[in-house]
Amino acid sequence: MLPIQPEQVPVSTLSPRYSLRSPSVLSKSLLAGCLSFSWLLFGAVPIVGAQVPNETDEAPSLTTHCQPSQSGEFTNFTQLVSDVSQTTNWFQEPAIGMNSLVTSLTPQLAAYLNASPAPTLHEKARQARVPVMMYHDILPEKKVFFDVTPDEFESHLRQIQAQGLTPISLDQLVIHLRTGLPLPEKPIVLTFDDGYSGHYQYVYPLLKKYGYPATFSIYTAKIGKQLGRSSLTWEQLREMAKDPLVTIASHSLSHPPDLTQFSDDKLRPEIFESKQILEQELGISIHYFTYPEGKYDPRVAQMVAAAGYEAALTMNDTDERFAGQSESLLAISRIGQSRLAEMLPQAWGGPPLVPPTMGFNFSASIEKIQTVINNVPFTFIAGGKPITIHAKSRYQVPEILASSPAIAGVDGGFFSLEFLDSNVMIGPVMSQTTGKFIPGNPGENRKLKGRPLILIGSRSVRFIPFDPDKHNTLEGIRAEMPDVTDAFVGAAFLVEGSQPQPPERFGALFDFNAERHRAFWGINQMGQPQIGVSMEPIGSVNLGIALAKAGFRDAVMLDSGASTSLAYKGTSLVGYTPRPVPHVVGLVPADGASQSANGCVVAQQ
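Residues numbered from 1 in each chain as written. Predicted model: local features only at pLDDT ≥ 70, side-chain atom pairs only at ≥ 80, totals over all residues. Heavy atoms only, no water.

**Quick word on the overall build of the chain**
Part 1: Of regular secondary structure, the chain possesses 15 helices and 30 strands.
Part 2: Relative to its 605 residues, the chain shows a buried fraction of 59%.
Part 3: Across the chain, the fraction of contacts at a sequence separation of at least 24, relative to all contacts at a separation of at least 6, is 74%.
Part 4: Per element, the accessible surface of the chain, about 24,100 Å² overall, is 51% carbon and sulfur. (Helix = DSSP H or I, 4+ residues; strand = E, 2+ residues; numbered from the N terminus. Buried < 20%, exposed > 50% of the residue type's maximum accessible area, 1.4 Å probe, protein only. Contact = heavy atoms within 4.5 Å. Areas by Shrake-Rupley, 256 points an atom, 1.4 Å probe, with all protein chains shown as cover.)

Pasting the structure below:
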C-alpha cells in the first residue's frame, strides 16, 4: 500500500468549473422534473443559471459550473443531471417510474451539495485507490528508461482491459475527489506529458481503438516546433482536442525545471499565458495544470488557482501516491508507468452510494464526515443503530460512551441545572440503557408543548410534536410507537420532510436564532441515523437550511451552546471543553462492520 500523508496546500477557496461532455440532450420536461424533485428532497436549493438546450440541438458540449458546498449554488444543472446522474438512460426508458428516478438521483445530488471546499479532497475520496498513471514519450526505440514503445503501450492497455479496469477522464476524477461520488469499481487515469509527436502517431489511435480517455499535458513553446526529440503540431493537437476521449492540460509555456525558483513576474506567464494560448489555439477551456517535473510550492499553487485552473497534477518519484492520498486538488499525485502492473490489482473506486429510502436503515457502517455548507464547517457521523444513554450524573460525552455499546455520540436533551450532579431531564425521558420511563415535571412539560418528541424503536424513528397531556406516560408514548425503546424531548424541529423549518416553527424557544454552536441529530436521505455539530456558531434557521442541503430527511436540534458535544471512538471532536451532560444520542455499530485505519467504520469487503 502506498503511504498516506494527507496535507492541504494553503490556497484560497476556489469555485471549480467541471467540463463534462454530454452524450445526448435532455428534454425540458425531464429537467423540470429533476429540478422539482431536488426541491422536494433537499429543500430550497438555489439553482442559478440552469440552461435547457433546444430539443433540436445535436449533441452539444456543455459545461457544469459546480460551486463549492458553502455557496449552495449550481449553474448549468442540465449537465449535472445528464452526465453524473445518467438521466439519458431514464429518458430512453420512459417506463421507468419516478420512484426510480428519485432513488437514482438523490445520492448524487446530496454528494454535490456536500462537496468539500476546494481544494480540499472529500473524505470518501480518500478511501478509494485511483492510480493516475504518468507517461512521457511513446516511440519505436527507447532513448531513456521511462520511454515506452507502441507495442509496450498497447500491452499496457490489454492488461488494463484483461483485469477489468475502467479508464476514466480527469473530469471524472476531479468530481470524485471533490464530492466523494464513487467511481467504477476499478478506475484508472492515463496521462501523457510534454506533447511528443508519438502521442498523436501512436497513443491517440490506440485510445480510440480501446475507447479509453486520457489527458495530455502540453507546454506551448514545444508545439509546432522542432524542440526536443519530437513535437506535436497545432493541427494534430486541434484534432485530438475535439475528441471526447481527450483532455488537454497546460504544462506551462517553456517547461522550466523548477517553477518554485521563478519570481512572480516570470511565473505568471508560465501559468496564465500557457492557458490563454491553448484556449485560443484549440477553442476549448483549459481547466487543469501539470507542474513541470512536479515542482510546486504554496506560492506556485496559489497562482495556479488564481489563473482559474480547477486542479493540478504533480509527480514525485520517491513518494508516489493514489489520487485520494494527494495533498489537495492542486497537487494530484501520479504514478510512473513502470509500476502499472503493481497498481492494477490495487485500483478501487471507493464504497458505493447507498440509494435513498423513505424507510430506515440501521445496518449501515458508521463514518465521520467533515464538510462546509454555506461557509459553516460541520462534522457529521452517520450510520449504525440509534440509541440514547441516560447516565447517572453529568459527564463528558466520551466518558458516557465508554460504558456503552455506542462508538459515537452527541449531547441529547435538556436537563436540570439545579444540582451539579443531577441527571434530571426536562420533559419525559426513556432510555434502553436503563429500561426506565421517567415522566417529566408537569409544570415544565407545558412549556415544551409542540417541541419535537423523539421516539426510537427497534426499526424506526419518529419525530412528533410533544403533547404534555398525551406523552407524559409510558402508555402515551407506546400509543405512538408500540416498540419504543427510547424517548426524549428535543429543542426544535430543524428539517421535516427534507424542508428546512421557517422562523415561526421555533415558537417561544428562547433566543433560537442567536449564533451558537449547535448540536443536532436526525435521519438522512438514505434512512440512516445521523448526528452532528456545527464547528462554528450558527443560528437555528440557517442551521435548518444547511442540514436540508446536507441531505437530512428529518432533523431536530438538541441541547446546544455550552453543552454542544460530539465524540467518536473515545475522542471529543469539538475544540473546547463543553458542559458535562447526562444524556446522549449514540450510534451503535452494525453487525459485520470493521474499523478502518483512518478511524472510519467501513463495511467489510
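**Quick notes on the sheet that holds strand β15 (residues 408-411)**
Part 1: Strand order in the open sheet formed by five strands is β14-β28-β15-β26-β27, with antiparallel pairing between adjacent strands. In this open sheet, the two strands that pair with only one neighbour each are β14 (385-395) and β27 (571-572).
Part 2: Bridging between β15 and strand β26 (residues 566-568) involves three bridges; their strand directions are antiparallel. Across the sheet, Ala-408 pairs through a bridge with Tyr-568, a residue of β26. (Pairing = 2+ DSSP bridges.)

**Topic: the pattern of salt bridges**
Part 1: In total, this model carries 19 salt bridges according to the counting rule given.
Part 2: Across the pair Arg-299 and Asp-264 runs a salt bridge whose closest N-O atoms are separated by 2.5 Å. Here Arg-299 is found in helix α10 (residues 298-306), whereas its partner Asp-264 is found in helix α9 (residues 264-282), with 35 residues between them in sequence.
Part 3: A salt bridge links Glu-342 to Arg-339, with the shortest nitrogen-to-oxygen separation between them at 2.7 Å.
Part 4: Linked by salt bridges that have partners in common, Asp-137, Asp-147 and Arg-229 make up one network. (Salt bridge = Lys/Arg side-chain N within 4 Å of Asp/Glu carboxyl O.)

**Quick word on unusual backbone geometry**
Part 1: Even without glycine at this site, His-255 takes up a positive phi of about 55 degrees.
Part 2: Summarising the element assignment, His-255 is placed in the loop between β8 (246-250) and α9.
Part 3: The phi dihedral of Asn-374 falls on the positive side, at around 50 degrees, and the residue is not glycine.
Part 4: Tracing the chain through its elements places Asn-374 in the loop between β12 (367-373) and β13 (376-382).

**What about the packing of helix α5 (residues 150-162) against helix α7 (residues 197-210)?**
Part 1: Contact geometry of α5 with α7 gives a least axis separation of 10 Å together with a crossing angle of 25 degrees. With respect to α7, the element α5 is oriented roughly parallel. The chirality of how α5 crosses α7 is right-handed. Of the residues in α7, those in contact with Pro-150, Phe-153, Glu-154, Leu-157, Arg-158 and Gln-161 of α5 are Tyr-202, Val-203, Leu-206, Leu-207, Lys-209 and Tyr-210.
Part 2: Class assignment of the residues belonging to the contact of α5 with α7 gives a composition of eight nonpolar, one polar and three charged. (Axes fitted to C-alpha atoms, helices over the stretch in contact; angles between N-to-C directions. Parallel < 35°, antiparallel > 145°, perpendicular 65-115°, else oblique. Left-handed = near helix turned anticlockwise from the far one by under 90°. Nonpolar A, V, L, I, M, F, W, Y, C, P; charged D, E, K, R; others polar.)

**Considerations on the environment of Val-189**
Part 1: By the secondary structure assignment, Val-189 is in strand β6 (residues 187-194).
Part 2: In the structure, Val-189 is positioned 20 residues away from Ser-169 in sequence and 6.4 Å away in space, judged by C-alpha atoms.
Part 3: For Val-189, the residues in contact, after removing those within four places along its chain, are Val-130, Pro-131, Val-132, Met-133, Ile-168 and Leu-173.

**Let's talk about the confidence of the model for the chain**
Part 1: Residues with a pLDDT of 70 or more make up 77% of the chain, whose mean pLDDT is 81.
Part 2: Within the model, pLDDT remains below 50 along residues 1-105, and this stretch shows 235 contacts once partners closer than five positions in the same chain are excluded.
Part 3: Counting contacts from residues 592-605, a segment whose pLDDT is below 50, to residues more than four positions away or on other chains yields 27 contacts. (pLDDT = per-residue confidence, 0-100.)

**Re the sheet that holds strand β22 (residues 499-500)**
Part 1: Taken in spatial order, the seven strands line up as β12-β13-β24-β23-β25-β21-β22 in an open sheet, and their pairing is antiparallel. Of all the strands in the sheet, just β12 and β22 have a single pairing partner and so form its edges.
Part 2: Note that strand β21 (residues 492-496) and strand β25 (residues 552-557) share three bridges and pair antiparallel. Bridge pairing links Ala-492 to Met-557 in β25.
Part 3: Along the sheet face, helix α15 (residues 540-549) touches β12, β13, β21, β22, β23 (519-524) and β25 and points at about 30 degrees away from the line of β21.

**A look at the side chain of Asn-524**
Part 1: Tracing the backbone shows Asn-524 in strand β23.
Part 2: A polar side-chain atom of Asn-524 sits 2.9 Å from the main-chain amide nitrogen of Met-526.
Part 3: Beyond its immediate stretch of four places on either side in the chain, Asn-524 contacts Ala-382, Gln-530, Gly-551, Phe-552 and Arg-553. (Polar contact = N/O pair within 3.5 Å; in protein donor to acceptor, adjacent residues only side chain to side chain.)

**Looking at the packing of aromatic side chains**
Part 1: Under the defined criterion, the tally for this structure stands at 18 aromatic pairs.
Part 2: Joined through ring pairs, the aromatic side chains of Tyr-135, Phe-153, Phe-192 and Phe-216 make up one cluster.
Part 3: Positioned over the ring face of Tyr-309 is Lys-275, at 5.8 Å from the centre of the ring.
Part 4: Positioned above the aromatic ring of Phe-360, the side-chain terminus of Arg-553 is 5.1 Å from the ring centre. (Phe/Tyr/Trp six-rings, centres within 6.5 Å; stacked < 30°, edge-to-face > 60°. Lys NZ or Arg CZ within 6 Å of the ring centre and 35° of its normal.)

**Some details on the environment of Trp-234**
Part 1: The residue Trp-234 is located in helix α8 (residues 234-241) in this model.
Part 2: Residue Trp-234 is classed as buried on the basis of its relative accessible area, which comes to 15%.
Part 3: Spatially, the C-alpha atoms of Trp-234 and Ile-223 are 6.2 Å apart, while their sequence positions differ by 11 residues.
Part 4: Excluding residues within four positions of it along the chain, Trp-234 makes contact with Thr-220, Ile-223, Ile-277, Leu-278, Glu-281 and Leu-282.

**Regarding α10**
Part 1: Of the residues making up α10, those classed as buried are Val-300, Ala-301, Met-303, Val-304 and Ala-305.
Part 2: Against the buried residues of α10 lie α9, β9 (288-290) and β10 (311-313).
Part 3: One or two steps after α10, the chain reaches Gly-308, where phi turns positive at roughly 95 degrees.

**Here we look at a nonpolar patch on the surface**
Part 1: Taken together, the side chains of Val-144, Phe-145 and Phe-146 make up a nonpolar region of the molecular surface, amounting to roughly 310 Å² of accessible area.
Part 2: By the secondary structure assignment, Phe-146 is in the loop between β4 (132-135) and α5. (Patch = residues over 30% accessible without salt bridge, like charges linked within 9 Å, V, L, I, M, F, W, Y side chains within 5 Å.)

**A short note on α5**
Part 1: Taking 1.5 Å as the rise per residue, α5 with 13 residues should run 18 Å; its terminal C-alpha atoms sit 18 Å apart, in good agreement.
Part 2: Turning to α5, its buried residues number three or more, namely Pro-150, Phe-153, Glu-154, His-156, Leu-157 and Ile-160. Here the buried residues of α5 occupy an arc of 150 degrees about the axis, which is enough to place them on one side. For α5, exposure combined with an orientation more than 90 degrees from the buried face picks out Asp-151 and Ala-162.
Part 3: Close packing links the buried residues of α5 with β4, β5 (166-167), β6, α7 and α11 (340-343).
Part 4: Downstream of α5 by one or two residues, Gly-164 has phi in the positive range, about 75 degrees. (Expected span 1.5 Å × (residues − 1). Arc of directions from axis to C-beta.)

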